[in-house]
Amino acid sequence: MKHYIIALLLALVVTSCGDDEPDKPDVPDAPEEVKRTVLVYMAANNSLGYVYDDRDIAEMEEAVAEGALNGGRLLIYHADLDGTCILSEVTEEGTVQIKEYTDGLSSVSIAAMRNVFADMREVAPADDYGLVLWSHASGWIDYGKSPEQKVSKSWGIDGSYQMSIPDLGKALEGERFSFIYFDCCFMGNIESLYEIRDAASFVVASPAETPLDGMPYDLNIKCFFEETPDLIVAAKNTFDCYNAMSGRSRSCTMAVYDMSHIEEVAWAVHCILHDNNVPLPGYVQQQYGTSSFRNCFFDLTYYMESLTGGDNRMDDYRSVMSKFVIYEAHTPNMSLSLPAIALNNCHGVSCYILEKSGDAVTIPGRYDDLQWWQDVIAPVFGF
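Residues numbered from 1 in each chain as written. Predicted model: local features only at pLDDT ≥ 70, side-chain atom pairs only at ≥ 80, totals over all residues. Heavy atoms only, no water.

Attention shifts here to the packing of helix α9 (residues 300-308) against helix α10 (residues 313-324). It is at 10 Å that the axes of α9 and α10 come closest, and there the two elements cross at 170°. Considering their axes alone, α9 and α10 lie roughly antiparallel with respect to each other. Across the interface between the two elements, Leu300, Thr301, Met304, Glu305, Leu307 and Thr308 of α9 pack against Arg313, Met314, Tyr317, Arg318 and Met321 of α10. Among the residues making up the contact of α9 with α10, the classes are represented as 6 nonpolar, 2 polar and 3 charged. (Axes fitted to C-alpha atoms, helices over the stretch in contact; angles between N-to-C directions. Helix = DSSP H or I, 4+ residues; strand = E, 2+ residues; numbered from the N terminus. Parallel < 35°, antiparallel > 145°, perpendicular 65-115°, else oblique. Contact = heavy atoms within 4.5 Å. Nonpolar A, V, L, I, M, F, W, Y, C, P; charged D, E, K, R; others polar.)

Put into structure tokens, the structure is as follows:
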């Protein structure tokens, strides 16, 4: 009997200890992986943030509500006019906030962009990723200042800061998107494209200015979530919107680049410049830039033709470019800013033409920071 009572007491103690054991916290399930996540990175702390960001977000919501996601996920990083930075997801039920960034980082800093990319991969894992870069841009031009350094061949404006093209390359390093769509001006230049050559399989951009309304998100979101992203249709949707307008509003150039061929383009350009870097008499440059951007962006192919006279040295170049520029369209004129320019000799990608006087070459501000200069141009001019 004595042994029975002791055993019973022990059983009660063990049971009591088990009842007092704290509950284990629930571990949240890992997000389900989808085929594609697309991030729209909106640096809108600038003149576009007064109205155009909200309009474009409304177009995204409209597209998603109509079933554009095709099983994918659409995220928006939105740095607004007040400097508030929010990561949200657009779902068929509405837009849901995921995170507010209170670290004080500028949205056009390398650190901020890389943090957002890391959060995207954590909260919305996918087989592949697409990226839309939304803001103002000035391509390779030295314009203002950046959070990282006092240089700004720029994509993006956040207050008084811009992101330099070399810094954009650093922010994108190792990310490997299936596509990048630049919803901004002047990013279809060979210098900027070469800087981000390893970041995406395809790039959509304009070599000239883009209208303030940007691309039609209500039409293009569906293109981004096709089984294979339909970037040519997306670029065509954008072009068709503005080509259908009249007067100065009928101004647009768009192109799609297959980035697997950009190294071949670099070699073909280098070979032509090595043979001759002085245009033939009578050459008149095809401008892409108007107003303050005049004499900064010129058609690359038309420039190459001026160096060769269209002879057989162009054969390899044209063969490569036909694989690199897989879609190109332009209106008859570019007249968003005055003076307007005629787009008579456009082939979809711009470049800067260095001025040469005798043996001296004029290098514009910080152009020599660019990988295009270091790999392609500098060896030709003996730097």
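It is at 8 Å that the axes of helix α2 (residues 52-65) and helix α6 (residues 217-224) come closest, and there the two elements cross at 55°. By the angle between their axes, α2 is oblique relative to α6. Seen along the crossing, α2 lies across α6 with a hand that is right-handed. Taken together, the residues of α6 that come into contact with α2 (itself represented by Asp56, Glu59, Met60, Glu62, Ala63 and Val64) are Tyr217, Asp218 and Ile221. When the residues that make up the contact of α2 with α6 are grouped by side-chain class, the tally is 5 nonpolar, no polar and 4 charged. (Left-handed = near helix turned anticlockwise from the far one by under 90°.)

Once that is clear, we can look at unusual backbone geometry. The amide bond that connects Leu338 to the next residue, Pro339, takes the cis arrangement and shows omega of 5°. By secondary structure assignment, the location of Pro339 is in the loop between β14 (333-334) and β15 (341-342). A positive phi angle, near 55°, is found at Asn70, a position not held by glycine. Structurally, Asn70 can be placed in the loop between α2 and β2 (73-79). Notably, Arg176 is not glycine yet its phi reads approximately 55°, a positive angle. Within the secondary structure, Arg176 is located in the loop between α4 (165-172) and β9 (177-183). Take Arg176: its relative accessible area is 46%, and that puts it in the partly exposed class. (Buried < 20%, exposed > 50% of the residue type's maximum accessible area, 1.4 Å probe, protein only.)

Here we come to the sheet that holds strand β3 (residues 85-91). Pairing within the open sheet is mixed, and its 9 strands lie in the order β4-β3-β2-β1-β5-β9-β10-β11-β13. Here the strands that pair on one side only, and so sit at the sheet edges, are β4 (94-101) and β13 (325-330). When the angles between neighbouring strand axes are averaged without regard to direction, this sheet yields 15°. Pairing analysis gives 5 bridges linking strand β5 (residues 126-134) to β9, with the strands arranged parallel. Residue Leu133 lies in a different strand from β9, and its bridge partner there is Phe182. Contacting β1 (34-43), β2, β3, β4, β5 and β9, α2 runs over the sheet at an angle of about 170° to β2. (Pairing = 2+ DSSP bridges.)

Relative to the helices and strands, Ser337 resides in the loop between β14 and β15. In terms of polar contacts, Ser337 uses its side chain to reach the side chain of Glu209, at 2.9 Å. If we skip the residues at most four places from it in the chain, Ser337 touches Glu209, Arg248, Thr290 and Ser291. (Polar contact = N/O pair within 3.5 Å; in protein donor to acceptor, adjacent residues only side chain to side chain.)

Following the criterion strictly, the structure yields 16 salt bridges and no others. Note that Lys170 is salt-bridged to Asp167, the shortest N-O span being 3.9 Å. Separated by 3 residues within a single helix, Lys170 and Asp167 lie in helix α4, roughly one turn from each other. In the salt-bridge network here, residues are joined through shared partners; they are Arg114, Arg121 and Glu175. (Salt bridge = Lys/Arg side-chain N within 4 Å of Asp/Glu carboxyl O.)

Mean pLDDT for the protein: 89, with 89% of residues reaching 70 or above. Segment residues 1-19: pLDDT under 50, and 0 contacts once partners within four positions in sequence are set aside and those in other chains are kept. (pLDDT = per-residue confidence, 0-100.)

Taking 1.5 Å of rise per residue, the 13 residues of helix α7 (residues 231-243) would be expected to cover 18 Å, and the 18 Å separating its terminal C-alpha atoms lies within 8% of that figure. Listed as buried for α7 are Leu231, Ala234, Ala235, Asn237, Thr238, Phe239 and Tyr242. The secondary structure elements touched by the buried residues of α7 are β9, β10 (200-205), α6, β11 (253-258) and β13. (Expected span 1.5 Å × (residues − 1).)

Ring pairs (aromatic) are described by centroid distance and by the angle formed between their planes. A complete count under the given rule lists 17 aromatic pairs for this structure. Taking the centre distance of 6.2 Å and the plane angle of 55° together, the rings of Trp140 and Phe297 count as tilted. Placement of the pair is Trp140 in strand β6 (residues 137-142) and Phe297 in the loop between α8 (262-275) and β12 (298-299), with a sequence separation of 157 residues. For the pair formed by Trp140 and Phe297, the shared burial category is buried. Within the aromatic cluster, the residues linked to one another by ring pairs are Trp140, Phe186, Phe297, Tyr352, Tyr367, Trp373 and Phe383. Over the aromatic face of Phe177 sits the side chain of Arg121, whose NZ or CZ is 5.9 Å from the ring centroid. Lying over the aromatic face of Tyr194, Arg197 brings its terminal NZ or CZ to 4.0 Å of the ring centre. (Phe/Tyr/Trp six-rings, centres within 6.5 Å; stacked < 30°, edge-to-face > 60°. Lys NZ or Arg CZ within 6 Å of the ring centre and 35° of its normal.)

Mapped onto the secondary structure, Ser178 falls in strand β9. A distance of 3.4 Å separates a polar atom in the side chain of Ser178 from a polar atom in the side chain of Asp128. Dropping the residues within four chain positions of it, Ser178 is found in contact with Arg36, Asp128, Tyr129, Gly130, Ser201, Phe202 and Pro229.

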